[in-house]
Amino acid sequence: MEHSLPPPRPSAEPAVSAQAGPSGGANAAAKYVTPKPNAVRPPPAARASAPSSLADAADPLKRLDILATHKRTYPVLAEQPPRQPLSATEKATMLRVAKKKHYLEKDFYGRVGRDLVDLPAHWSPGVHGKVGRDAYNRQRERVAKLRHSAPLPGGSAQGKGAKRDGTDVVVADNDEPLNVRTSLEVVRESLGGFAWHDGRPVLDSERRIRAERLEIEDEMRHSIERHAAAANASAQAPAMSAKFWLMRRFKLRDHRGLGNISVPEFCEVWNEPVKWDDAAASRAASGLPQPSERLLMRRVKVQDPATGEWICGEIATDYKTGKEVVKRSPPGKEKLAFYTSVDERGNVHVGCTEAHAAAIFVKYGYDVDGYLPYDVFCNTLFTKPARLLGMEPIMNQKAKGRHGFGDHDDPEFDGKILYQKSINGVLPPSDFDPEMAHRSSKMPTATMRLEHVHGYSGLNSYANNIFYNTEGNIVYFTAMLGVVHNPNTNRQRFFYGHNDDVLCIAMHPNRKWVCTGQTKAVGPEEVPCICVWDSTTSEADDSVDMRQLQRIDHPYYTRGIIAAAFDPHDNGQRLVTVGSDNEHSMFLWRWMKTPKSAMNDKLVSGWSYGPEKKLSMLDASPTGFYWNAPYPPCSAAHAVSVGNPPPGGAAPGVYNPSMQKQVACCGWNEVEKKVERYGSATPSGAKMPRKDLDIESSLAEQEMKFASSARELDAHGGAAPPANLEAAKNAWKRGDDGSYQLLNGGNVMAGHKGAPPQIYGVVWNPYRRDEFVTYGMKHIKWWNVNAQTRMFEQAQGSFGPTQVDNVLSCTFMRDPIGLTFKDRESGAVLRFRQQITDPETGKVFNQGNAKVTHSGKVIAFVRDKNERTRVVGERYVGDMPGGANWFQQVTSTVVLTGFPNGRVGIWLRSQEPPFTPLLMRTVAAHERGPQIALPDGTMSFGGVRSLRLRSDEKTLLSAGADSRVHTWDVTQTVPDEPWMSAPGAERTVNDGQLGSTDASLVGHSTVALGRGAVKMRKIPGNEVLIKSPYKSEPSVRFAGLDCLPGSDVFVAGTTSCDVWQLGGGQRRVIVYGHMADLYGVCAHPRMPSIWATACESDRVFVWNAEKRDMTSTCQVGFIARACAFSQCGKHLAVGGKFGRLKILESMDAEGRCTLRPLESMKKCEYGIDEIRYSPNNRILATSGHDLTVDIYDTGFRSSNGKVVRYPNVNEQWDDNVWKAAGYPGGYQHLYKMRGHSATVCCIDFSLPLTAPPHLRGKTIIQSNCNGREILFWDPVTGKQITENQRDTSWSTWTSKLGFEVMGIWADGAGNDDVNSVCRSNSQEYVLTCDDFGGVRLFNFPCVADDAPYRLFRGHSSHVTNGVFSADDRYVFTAGGHDRAAFQWRTIGVNKDDTMQDSRELQRVYDVDQDTFAKRKELTRAPPPKWGALDAEGKYFGPLDGAK
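Residues numbered from 1 in each chain as written. Predicted model: local features only at pLDDT ≥ 70, side-chain atom pairs only at ≥ 80, totals over all residues. Heavy atoms only, no water.

Q: Now, about the sheet that holds strand β78 (residues 1325–1330): what can you tell me, with residues and values included?
A: What the five strands build is an open sheet, ordered β27-β80-β79-β78-β77; its pairing is antiparallel. The open sheet has two edge strands with one neighbour each: β27 (607–610) and β77 (1314–1319). Neighbour to neighbour, the strand axes of the sheet diverge by 25° on average, direction disregarded. (Pairing = 2+ DSSP bridges. Helix = DSSP H or I, 4+ residues; strand = E, 2+ residues; numbered from the N terminus. Axes fitted to C-alpha atoms, helices over the stretch in contact; angles between N-to-C directions.)

Q: An account of a nonpolar patch on the surface is requested, with residue identities and associated values reported.
A: On the surface, F338, V342, V348 and V350 cluster together into a nonpolar patch covering about 330 Å² of accessible area. Position of V348 relative to the elements: it lies in strand β10 (residues 348–350). The exposure class of V348 is exposed, given its relative accessible area of 54%. (Patch = residues over 30% accessible without salt bridge, like charges linked within 9 Å, V, L, I, M, F, W, Y side chains within 5 Å. Areas by Shrake-Rupley, 256 points an atom, 1.4 Å probe, with all protein chains shown as cover. Salt bridge = Lys/Arg side-chain N within 4 Å of Asp/Glu carboxyl O. Buried < 20%, exposed > 50% of the residue type's maximum accessible area, 1.4 Å probe, protein only.)

Q: So what's going on with the pattern of salt bridges? Which residues, and what values?
A: Counting across every chain of the model gives 39 salt bridges. In this structure, the salt-bridge partner of E217 is K363, at a minimum N-O distance of 3.2 Å. You can see E217 sitting in helix α6 (residues 205–235) and its partner K363 sitting in helix α10 (residues 354–364), a full 146 residues away along the chain. You can call E217 buried: its relative accessible area is 4%. A salt bridge links R1152 to D1148; the shortest N-O distance between them is 3.2 Å. Overall, R1152 belongs to the partly exposed group, its relative accessible area being 23%. Each of the salt bridges in this network shares a partner with another, and the network as a whole consists of D218, E219, R221 and R299.

Q: Summarise the side chain of T577; cite the residues concerned and give the values.
A: With respect to the element layout, T577 can be found in strand β24 (residues 574–579). A polar contact is formed between the side chain of T577 and the side chain of H554, at a distance of 3.0 Å. Apart from residues no more than four positions distant in its own chain, T577 is found in contact with I530, H554, I561, A563, A564, S585, M586, F587 and W589. (Polar contact = N/O pair within 3.5 Å; in protein donor to acceptor, adjacent residues only side chain to side chain. Contact = heavy atoms within 4.5 Å.)

Q: Could you give me a rundown of unusual backbone geometry, with the residues and numbers involved?
A: The amide bond that connects P756 to the next residue, P757, takes the cis arrangement and shows omega of 0°. Here P757 lies in the loop between β33 (749–750) and β34 (759–764). Residue P1341 is reached from F1340 by a cis peptide bond, and omega for that bond is 0°. Positive phi values are uncommon outside glycine, yet N490 reaches one of about 60°. With respect to the element layout, N490 can be found in the loop between β17 (481–486) and β18 (491–495).

Function cannot be read off these values alone, since they describe shape.
Written out as structure tokens, the structure reads:
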């Protein structure tokens, strides 16, 4: 096979010019040229007259202008006056600057300015001219632009004399740079067929080419140094360096003195024999060159059988042991042989071949004619590697604002890459596959789904936030999720409709539908909202997530929704919400104007594609979105006029395998042939966020905002704005589709003024229409409809002489004795209770006039005519209306409230206008409990946090901060007696004194209570005392409570973020949470289902992913921040604040997780944030706020006491092993490695290195800090490693910086926005956790700028950590301040996964069905067999000696 290489130039012929190029004979090559456009790009002013359709545009550039014309309007600029001519002084100044720049470029061997950033080292354009590969790259970019911008002129016809290569690019016959580059690449690729010296098969040709080139460069350097030393010895004047000696050899070949040589000339220089005189030949014994050798020779190397290293020397026999050993040759006396190479066919090539020369030309650079300037080669060959690294080509992505390779960057670039988040830049691996960069720019095919959440929002919740639904499942929220927990199967389903913290929850009267309100998310277009969703499902599969019924956006100024409640009347169509602004704005909605079948019922996905700036092309685009879209997106107006997508484009919503297997997803209406304005932007079908207009802006601001929006819509072909500005201003009150409406005359009510939260909750009266109560900080208010205005008005509750206090809970109950009854005999209206004011104290109390029995009999009190305070008899006056169901028809109500002092308040309205609500008395119910901090910084007691009326409406549950739940009888009736046989029956009583001796009726008034008081009788024997599930923990404080209808079972949420199910013989924790912020999470290295978390409450938890439950927990004695399992899984290291480190026994000899404390150390002054074990389990590394990396010897050894190397793992940790090895025992602190300038946030161990020689076989450490530094360390010596580690293989990858993770950073991201990085064990995907509650899944390596990812939502706070399980089938994440630990099930990360269920397959939207159909069945490891536990079944190991 002949290649088009530049021929050698004989001295008698003139030099070939750059324009003519090499020609003639078999070396003549075809010449290529790119097609040129028929017309230049028109100016902006001329685009208004562009053709009106794409068919009228023959020129491809004009065609692009047509699309651009539809997208925006270009203003016609006025002609500017001509510029004044330059003066002589200005011309002289410009000429002087140009000359200075020219001299700098000519004299400096390197890069000057941004335009020269891609020059090879020691290359000067003023001396050597243009670089051939630069010309090739520029032409390749032009060809790529034409290929992607427009079809060829004239359809498929090609120009005369044109040729078509394998890339479908039309080229002509005069493109010399492209020919030279192609010729060198073809010859260079033949090096990939040369066999390895040790007989290994060549699997990667590019890696073999690099290795062969490095080897011959090393031998060239060594040979020249030897010959230069011989020349200096012969002249007895050592004044010539090796570089100038080699340059003289090249000058002897360069007969014309042009300073460059061709490929054949380069080979002749190295393959010609060297002639020496007899005096020099006599020095052969001293190691100098011999007369018969060539310029390029190879040092003979043999492989050391002990280490496998290739060294210069020979194999000899040790006379003492009789074993073969390698005898190393001293420097300068190595045995030499001809440089030979063997290709894959067995052919032997002696010396430097054209393939070697072509590889060197491609590396060191060549001019446009294909010749190498030999001074560039000589200078580069003998430059120190550290200095040469700084002179290599640099890809400055930092200046371009990129993080990784762009669309037009060369992924084969092997120089330094600068990007924004790395200070010193990164280097790609020597054997980096460009296909991995292409894969990085594609969406990951694997995905995840949320399987279980460990946690409950019991920290900042003030109103009741946990309920039962009709299916008996428990409904609550945590982070930004609505959770439906099945207590029988321990499985969960989720609602994903929120994008920030959920603050409140309310249950519909039908116990199916749920309303959740959230805070305003970050972003100028985000507003607070509530979502109404269905907590039940008709699907048999309990993995189906919840469906959204309605979403109501609130004005932005409300900040968030802190309370909500459904009206129990009219099928719950009305809903009241409370904002968290300073006014505590209240909204009354008719959230369901249509039946459920006609509502906006949809499934909201828990994940989406990213980045968002690429997804923005979906909006108003008829062709859908592809990562490499062949056509720019057009407007909605253009889509309506054109109808179908342009020719060659993919139809929207249709799977098109020709477009890189991406699915078009846009709002294309196939029936009406148009694009919907808010079409689907995600595969899940979720609509784009609505941009509602706020109502608080002034009229002028509103008009400006509306006019700006109208201009934007017109420019993009959108619909015209509404003509009525007032209608647009109030559009948020009814929604885009009109499915909901703001009631109360469209007015917003002011709830309570003050810093939020002032209102804790809102409760509707279930027995009387148009009445609800709001309560909170030092107030309670009744809201009723005014008969004249038909608007809700408030009535402030009066505390009377009682000290005003916070109202923590509230509920309504029926009040039979709050009614009136007409006496049939006398015809008088009988008031059951009469409010009387004590003249001495001013206290209002109740005087009873009648009572009601259980069966509804009305018994009137007969009082003494002379002393009205005495009751002398009772008379049966009649029955309550309604018969046996009389109690369900009682509409008179009493409000019960819980106070911080542990008492329950009883509220009644006054009987005289204006009917002010009065606190009649308080009842001692609970102890006040420990003090807690309120949002305003004041301290208060826990008190009575929850009051819940059972479904029978006769018993009440109260939960207090004293860890107790009491049951109360609140029926307000008395037992029937035999004398009550018929109306009119009477009896005389002796206890006529006003008052009562019942202890449960003791109140705060000094006046004795009358018979008309509201009674709360504690039912004996039903008290429930809940202790913490953990030993030596404080008492449980309740945050929520609900009763299961028709049962004695109830559920309670605690401020420790646990959920208990109690009653009916049950007392168990069904959801475990964390008592403080959560930072540490780690996975067991050998048992995929075991993982651990560490929170700041000094407690560590171990979980079982298959059982979805906690298996064990213990205290560590300090605030924990990080945790890590040892490689054998026997130890669990926990680090925390103030530099404390504790080692726990995670697995004993019997396989039990005991968490027994083993070691306790403190070698740091500040907190530990990262812990990592080495691959062979010998070393433990910690890092944190000390700016150091601490190294510990773990004490793990093999069974014989010796240290084994990776892949073997040291697993023995006992005294016998330590004694055999002479080791003191336990964990020993070795080094404190200093060098970082900020907190060290990431550390990773490498696999054993193969190079350089002094590190061969060692494991090193890579560390990152918040100062964006990447440092490398030798953990054995504790010293920093300065050599680059571009070819190092890492056991784990958690670093936030590096070549492999350049693309994880979003535009404008801060240095600490990414909190955690974790590479999968399959090394195909990487997981990131950020400050915005996002968990992102990328392809690994992630080297493309704006790399696509899958964003998984659920956490509301900063996601502090995330890890893969040992088999990659699970992902575990920690939610920071939301205190929730999420367990995700991966799909497609583990290659052995299979799709067992069709619904599961539908969740993976863009994964081919055949991909999983061909995979193996899922095989799981058997669950571990745990030993006997303590009585509670959760606690292991004594902790008395823990420190």
